Amino acid sequence: MNTKNIVVIEGDGIGPDIVAESIKVLRKIEEISDIKFNFSYYEAGGIAIDKYGNPLPKETLDACKKADAVILGAVGGPKWDDLEGNKRPEKALLGLRGGLGLFANLRPAILHRQLKDACPLKEKIIGDSLDIMIVRELTSGIYFGKRGRNVADKSAYDTMYYNEEEIERILRVGFDISLSRDKKVCVVDKANILESSRLWREVTKRVAKDYSDVEYTFLYVDNAAMQLVRNPKQFDVIITSNMFGDILSDEASMLTGSIGMLPSASIGGNNALYEPIHGSAPDIAGQDKANPIATILSMAMMLRHSFGMEKEAQKVEKAVDRALTEGYRTGDIFSKGMKLVGTKEMGNIIANYIK
Ligand code: IPM
Ligand code: MG
């Protein structure tokens, strides 16, 4: 029996709701394969602040370091919004990403043809489908650069820092991924203004020499934001910095019908972390309303990237596809004539379709 130790961090808001459904799906995978999952639950985010005064207790980080993979729901909520930067729930995410060395964040934006009606773009723009892979740098840039306040002149600053090594390794992840796709990379930056972006361009030109089959382009982030709406089909793999990737992946998620559809994998360390890209949606927490699909699709990414279980990953993705084809929808992706279901029912339906 092949056992995988998985740390589960439910987090805040809808975190526990959606994570529960992803566990259902993994239990189903146990039934149809020879893998066994050992889940240990740990706390991070607002709930950890309330209990221990620390968004990322050492115990949690240590457990994550030892795990074969980490599943995370979501962190944050209005209750903790007035805390100082270092004590906010979001600090848990940064601590996990940095602490585990997860420098590459893969955010596939895939529009399922069944959700065409939930996509806000006209059919002549979006056609039948969309499949973009956003590769976001995750452990450097303005998220991790020097920041602070100057009392004397009442100012505050954040620094966008990148060194060549950090840029090169994220570029290589993106270029490698493009080899199994359309071999088209777009590096998004703000090289007309930012020195760090100009370094990104230099490193890209050097790295690209190792990928002669891959066609690459550069785009300024403001233009990229516009192009994603004007003509999203021009993109295959987008590689970008931490903050630009944060912003563009939310924008791209809307093209897939709902932010509740987008999974993510954070890789690059000894293990990897899987989480939906959406937040904790405290307004619908515990109400059986959240869409569990992003988290369930993150499990497919886990099976594929962490455990080499391509066949099982596809079974999860096919089960999601079938649930959509049969017309099951949570509120965020609902349209007329479809069947409205809650978080749990959606999870049950998808788990049942895994054969
Ligand atoms: C994300 C989120 C996080 C980020 C927040 C919650 C810290 O928006 O994963 O996209 O900015 O990275
Ligand atoms: Mg974000």
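Quick note: structure is the one above.
Residues numbered from 1 in each chain as written. Chains lettered and ligands numbered in written order. Predicted model: local features only at pLDDT ≥ 70, side-chain atom pairs only at ≥ 80, totals over all residues. Heavy atoms only, no water.

Q: I keep staring at the overall build of the protein chain and nothing clicks. Help me out?
A: For the protein chain, the count of helices and strands is 12 helices and 14 strands. Taken over C-alpha atoms, the radius of gyration comes to 20 Å for the protein chain, in line with the 20 Å a tight globule of 355 residues would show. Oriented by its inertia axes, the alpha-carbon framework of the protein chain measures out at about 55 × 50 × 40 Å. Going through the 355 residues of the protein chain one by one, you find that 53% of them count as buried. (Helix = DSSP H or I, 4+ residues; strand = E, 2+ residues; numbered from the N terminus. Rg over C-alpha atoms; globule rule 2.2 N^0.38 Å. Buried < 20%, exposed > 50% of the residue type's maximum accessible area, 1.4 Å probe, protein only.)

Q: Explanation requested: the site of ligand 1 in the structure shown.
A: Contacts to ligand 1 come from Glu90, Leu93, Arg97, Arg107, Arg136, Tyr143 and Asp246. Within the side chain of Arg136, one N or O atom sits 2.9 Å away from an oxygen atom of ligand 1. At a separation of 2.6 Å, an oxygen atom of ligand 1 approaches a polar side-chain atom of Tyr143. Summarising the interface, the protein chains cover 77% of the accessible area of ligand 1, which totals 320 Å² for the free molecule. Among the elements that make up the shell around ligand 1, the one with the highest residue count is helix α4 (residues 90-99) (three residues). Residue composition of the shell around ligand 1, grouped by class: two nonpolar, no polar and five charged. The residues that make up the shell around ligand 1 include at least three from each of domain 1 (1-106 + 261-355) and domain 2 (120-255). (Near = heavy atom within 4 Å. Polar contact = N/O pair within 3.5 Å; in protein donor to acceptor, adjacent residues only side chain to side chain. Areas by Shrake-Rupley, 256 points an atom, 1.4 Å probe, with all protein chains shown as cover. Nonpolar A, V, L, I, M, F, W, Y, C, P; charged D, E, K, R; others polar. Domains from an automatic or database assignment.)

Q: Would you mind going over the side chain of Asp12 with me for this structure?
A: Mapped onto the elements of the fold, Asp12 is located in the loop between β1 (2-11) and α1 (15-32). Buried charge without a partner: Asp12 forms no salt bridge, and the closest opposite charge is Lys79, 8.1 Å away. Discounting residues that sit within four places of it in the chain, Asp12 has contacts with Ala44, Gly45, Gly46, Ile47, Ala74, Val75, Gly76, Trp80, Pro89 and Ser280. (Lys, Arg positive; Asp, Glu negative; His and termini not counted. Salt bridge = Lys/Arg side-chain N within 4 Å of Asp/Glu carboxyl O. Contact = heavy atoms within 4.5 Å.)

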